[in-house]
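So you can see what is in the structure, the chains are spelled out below.
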Amino acid sequence: MPNLIQTQNLTFTYHAAESGALGTPSAAAPVLREINLTIQRGTFVAVVGANGSGKSTLAKLFNGILLPSGGKVYVDGMDTLDEATILEVRRRIGLVFQNPDNQIVSTPVEDDVAFAPENLGVPPAEIRQRVDDALKAVGMYDLRRHAPHLLSGGQKQRVAIAGVIAMRPECIVLDEPTAMLDPIGRREVLDTVRRLNAEHGITIVLITHHMSECIDADHLVVMSEGEIVMDDTPKAVFTQADRLTELGLTVPPTTALLHELRKSGVDVPVDALTINACAEAIYKTFP
Amino acid sequence: MLRDITLGQYFPGDTVVHRLDPRTKICMVVVYLVALFTANDAVSMAIMACFLGLVIALSRVKLRLLLRGLRPLLIILTITGLLNMFLTPGEPIVSFWVFNISAEGIYRAVFLVVRIVMMVMGTFILTYTTPPMSLTDGLESLMGPLKRIRVPVHELTIIMSMALRFIPTLIEETDKIMSAQKARGADFETGNLFKRAKALIPLLIPLFISAFRRADELAVAMESRCYHGGEGRTRMRGLKFRRRDALTGLTGAALLAAVIGLVVLR
């Protein structure tokens, strides 16, 4: 089955009891409306949207932490509403959250990474193997005996990713994993995520509001007020810079520069995303 | 001062004490505490001190670390010492105003302070050398029989391990909030006891709110990692009694027997 995650007319409303408290949106208005989204195996999908666009809620619906108010979410053909398969859904779709401190359950590092396979009832010898593999995959093997609270933000977030990899998931959904990190930590995490996608073939869904993190995604989904407004390649999305600005989103600096040049009458292409491609495009226009 | 709190922290190492089965260590702490409170003269106390010294040496826990852990207890220790020194009846050697200090008083004060220090050090060695997960696995295994009378043993032990895990995080957070409040003119250090306690309110409220939010996020993260209670859970580090555990057990029994023997014979 090529489709790993599929949503059908997915709608979600917080119950009155859950809303209001701890900063969740107020009742009545659905947080997500009629979402039809397909995520294919092995791809790198970025989801962007302004605050309150419903992107974090969408992440929690993917692995059945939240259940749809209307419509369906299928993971490898399994309905997240089916209690019999919910553990298998959660094993296949790993979630990584914004604050690494609040998702690390144990100390030292290797005991934390072992948490998920222990829950899954994996035999001890295999847990050891999985923990070592996961820590090597995120480059934290040398620090396996460290206490997590003594690590840097980027290292903690990589431990959190290792904790999810130890489940041997098909897909990792990261909900603004870099929001609380400094630039170095941010690069560490993004490089790790890209490597997991390229070398280990793990499907990645990266939820973010940093446009520059979306440049090398295969697909870019733009959300606004609980709906998907664009779903295309990053190139195609960024050519509509005005539309993005309207939605309260910024475009990457390269795209912004090309758009400005174009507005002032210089004939440059607007779909060069990386710094090198952008420089090339400008160079070609002014020989 | 907050940084001195090392309660429940684990310091990785690879000594014989680190490698002992957590159940052995928990039992040994119980035996040690019973022996410590049975010991009531200089000789038995000296035996206890030798034992503690041996364990510290074997575990290679830095003495500085143990002493730092004691720092938050300084006030309690001082009060205990002083009260015992002044309030123990006996022939006064020094007396001034209404205070009488007797030889018995000094002896009792020193004795009690040493006992408390040794008690705290002994229990610290347990948490310093045992990862929280092993500690809770050990406790869960020891309390296993209680499951039969429907005590939620797994839930209790997982709560304990989360508490241990979050001690450093919450200490860090308290420090941050304190700095933020100080920057806005809060005063935690002057005034009488009542005033100082009142100054803690703007510290505790944000701390509690953030703790609840953390708990909420932690629960979601745990569920996302397939946590579904203790049923069907396996462990990376299986618990296994080895020869060293048997030897440690024998040492513990000998220690307790020696101390009880000394007390009874006297």
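Residues numbered from 1 in each chain as written. Chains lettered and ligands numbered in written order. Predicted model: local features only at pLDDT ≥ 70, side-chain atom pairs only at ≥ 80, totals over all residues.

Section: the overall build of chain A
Looking only at helices and strands, chain A features 11 helices and 10 strands. Taken against the 2.2 N^0.38 rule, which gives 19 Å for 287 residues, the C-alpha radius of gyration of chain A at 20 Å falls within 12% of a compact globule. If you line up chain A on its principal axes, its C-alpha atoms span 65 × 45 × 40 Å. Counting across all 287 residues of chain A, residues that qualify as buried make up 48%. Expressed as a percentage of contacts within chain A between residues at least 6 apart in sequence, the contacts between residues at least 24 apart total 63%. (Helix = DSSP H or I, 4+ residues; strand = E, 2+ residues; numbered from the N terminus. Rg over C-alpha atoms; globule rule 2.2 N^0.38 Å. Buried ≥ 20, exposed ≤ 12 C-beta atoms within 10 Å, placed from the backbone. Contact = placed C-beta atoms within 7 Å.)

Examining the domain arrangement of chain B
Interface size, as often reported, equals the accessible area lost upon joining of the parts. Assigned domains within chain B: domain 1 (1–130 + 237–266) and domain 2 (152–233). Distance between the C-alpha centres of domain 1 of chain B and domain 2 of chain B: 29 Å. (Domains from an automatic or database assignment.)

Structural notes on the interface of chain B and chain A
The partner chain A presents 36 residues to the 31 residues of chain B that form the contact. Broken down by secondary-structure element, the contributors of at least two residues to the side of chain B that touches chain A are α7 (132–142), α8 (153–183) and α10 (201–224) of chain B. Tallying contributions element by element places α10(B) first for the side of chain B that touches chain A, with 10 residues. Taken together, the residues of the side of chain B that touches chain A break down into 14 nonpolar, seven polar and 10 charged. (Nonpolar A, V, L, I, M, F, W, Y, C, P; charged D, E, K, R; others polar.)

Re the packing of helix α2 (residues 22–38) of chain B against α7(B)
Residues and elements named next belong to chain B. Between α2 and α7, the least distance of the axes is 8 Å, while the angle of their chain directions is 75°. In terms of orientation, α2 lies roughly perpendicular with respect to α7. Within the contact between the two elements, α2 uses P22, R23 and I26 and α7 uses S134, L135, D137, G138, L139, S141 and L142. Taken together, the residues that form the contact of α2 with α7 break down as five nonpolar, three polar and two charged. (Axes fitted to C-alpha atoms, helices over the stretch in contact; angles between N-to-C directions. Parallel < 35°, antiparallel > 145°, perpendicular 65-115°, else oblique.)

Looking at the sheet that holds strand β7 (residues 171–175) of chain A
Backbone-to-backbone hydrogen bonds join strands into a sheet, with any given pair of strands oriented parallel or antiparallel. Residue and element names in this part refer to chain A. Spatial ordering of the open sheet is given by β6-β7-β8-β3-β9-β10, a layout of six strands whose pairing is mixed. Edge strands, defined here as strands with exactly one partner in the open sheet, are β6 (93–96) and β10 (227–232). With direction set aside, neighbouring strand axes in the sheet form an average angle of 20°. Summarising the sheet, β7 and strand β8 (residues 203–208) pair through five bridges and their orientation is parallel. The partner of D175 across the bridge, within β8, is I207. Where helix α1 (residues 55–62) meets the sheet, it contacts β3 (44–49), β6, β7, β8 and β9 (219–224), and its direction lies at approximately 150° from that of β7. (Pairing = 2+ DSSP bridges.)

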